Amino acid sequence: MTIIMLMLFFFYLSLVLFSKKIETWVIFPGVWKKSGVNFAKYWIEEFYLGGAHWFQIHWIFLDTWSPKTIYFFHWNDGPLGDYIHYINYLWSLWYNVMSYDYPGYGESTWCPEEELIWGYTKTFYQYIRRKKNILSKDIIAFWNSLGTVFAMDFSYKYNVNKLVLISPLTSKYDMGKFKYKFPVPRFLFLENGFDNLSKSKHISIPTLVIHWKRDAVIPFKHGSIIFSCLKSRKKFFITINNFWHTGIIKTFGDELKSIFICFFETGILKDLFIELN
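Since the model is a prediction, treat every value here as computed from it, not as a measurement. (Residues numbered from 1 in each chain as written. Predicted model: local features only at pLDDT ≥ 70, side-chain atom pairs only at ≥ 80, totals over all residues. Heavy atoms only, no water.)

(A) Here's a closer look at the overall build of the protein. The helix and strand tally for the protein stands at ten helices and nine strands. Relative to the 2.2 N^0.38 estimate, which gives 19 Å for 277 residues, the radius of gyration of the protein is 19 Å and therefore close to what a compact globule would have. When the backbone C-alpha atoms are referred to their principal axes, the protein occupies close to 70 × 45 × 30 Å. Burial analysis of the protein (277 residues in total) assigns 53% to the buried set. In the protein, once contacts between residues fewer than 6 apart in sequence are set aside, the share between residues at least 24 apart is 72%. Just so you have it, the protein exposes about 13,400 Å², and 61% of that area is on carbon and sulfur atoms. Counting 31 positive and 22 negative side-chain charges, the protein places the centres of these two groups 5 Å from one another. (Helix = DSSP H or I, 4+ residues; strand = E, 2+ residues; numbered from the N terminus. Rg over C-alpha atoms; globule rule 2.2 N^0.38 Å. Buried < 20%, exposed > 50% of the residue type's maximum accessible area, 1.4 Å probe, protein only. Contact = heavy atoms within 4.5 Å. Areas by Shrake-Rupley, 256 points an atom, 1.4 Å probe, with all protein chains shown as cover. Lys, Arg positive; Asp, Glu negative; His and termini not counted. Charge placed at Lys NZ, Arg CZ, Asp CG, Glu CD.)

Here you go:
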């Protein structure tokens, strides 16, 4: 019995010691996945910021000569090339689109930890502000799932023009409880992170939240809580009944076009709550 207890203790100790690395692999399954997409084929400008082997940010820019630019934050299951359909969809709305590969994704270097992703987000913006003369007041932060963390983080710190959150999570601790019915990160002495909830209380810009009622990846409750906590007086909630966690543009892209354009241009929608089937 003593031996079993010692084995369990050392197993738990190993989990705690390597918890940060384990967490990274679990949260960012697409890390170090390379993309074979030829961005030039889609008339997309492609650049590399840094240049050194140990530091490189791979980023893209689509220019429509619009005064507004969508800052697209991709998902965690693959590099930018996996989302070319979504990037082109946003471009088809006649807005500029800018984005970058998270650290360790595609051709960006290092490892996708929350602090480092924020560093890349800020570095990329500061660079493109100089290169393309794009100011935060002309940026629409946009995207889905884990990407909402970085979209909201950027909006919170730079006061962008508008914010779109699709299936946002509240925090890492809440996701741990949802997935494992137990606060695993807290058990492993990991700090809470991806904290959209605390940031939402400071977001005063026009914000559109979209969530699937039966989302099995990030529960609908998370989107509802984020929406209710937003400080903004111009906030709108779209509930969708029939789409998978990542399939909103493919399934409802045509219906959402007029909604997106209206929101991007005015920051206002006709109804506070909208339901799509």
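(B) Layout of the side chain of Thr148. Of note, Thr148 is situated in helix 5 (residues 147–158). Assessed through its relative accessible area of 0%, Thr148 is described here as buried. Side-chain polar atoms of Thr148 contact the backbone oxygen of Ser145, separated by 2.6 Å. If we skip the residues at most four places from it in the chain, Thr148 touches Trp143, Leu165, Ile166, Pro168, Leu169 and Asn196. (Polar contact = N/O pair within 3.5 Å; in protein donor to acceptor, adjacent residues only side chain to side chain.)

(C) Fine view of helix 10 (residues 248–266). For helix 10, spanning 19 residues, the distance from its first C-alpha to its last is only 22 Å, which falls clearly below the expected 27 Å at 1.5 Å a residue. Most pronounced at Asp254, the bend in helix 10 amounts to some 70 degrees. For helix 10, the full list of buried residues reads Ile248, Ile249, Phe252, Gly253, Leu256, Ile259, Phe260, Phe263 and Phe264. Just downstream of helix 10 lies Gly267, where phi reads positive at about 75 degrees. (Expected span 1.5 Å × (residues − 1). Bend = angle between axes of the 7 residues up to and from the residue.)

(D) Structural view of a nonpolar patch on the surface. A surface patch of nonpolar side chains, amounting to about 720 Å² of accessible area, comprises Leu17, Phe18, Ile22, Val26, Tyr180, Phe182 and Phe187. Among the structural elements, Phe182 can be located in the loop between helix 6 (172–180) and helix 7 (184–187). Its relative accessible area of 40% is what places Phe182 among the partly exposed residues. (Patch = residues over 30% accessible without salt bridge, like charges linked within 9 Å, V, L, I, M, F, W, Y side chains within 5 Å. Salt bridge = Lys/Arg side-chain N within 4 Å of Asp/Glu carboxyl O.)

(E) How the structure looks around the packing of helix 4 (residues 114–132) against helix 5. In the contact formed by helix 4 and helix 5, the axes pass within 11 Å of each other and the chain directions differ by 55 degrees. Taken together, the axis directions place helix 4 and helix 5 in an arrangement best described as oblique. Where helix 4 crosses over helix 5, the two elements pack in a sense that is right-handed. Listed contacts from helix 5 to Glu114, Ile117, Trp118, Thr121, Lys122, Tyr125 and Gln126 of helix 4 are Val149, Phe150, Asp153, Phe154, Lys157 and Tyr158. (Axes fitted to C-alpha atoms, helices over the stretch in contact; angles between N-to-C directions. Parallel < 35°, antiparallel > 145°, perpendicular 65-115°, else oblique. Left-handed = near helix turned anticlockwise from the far one by under 90°.)

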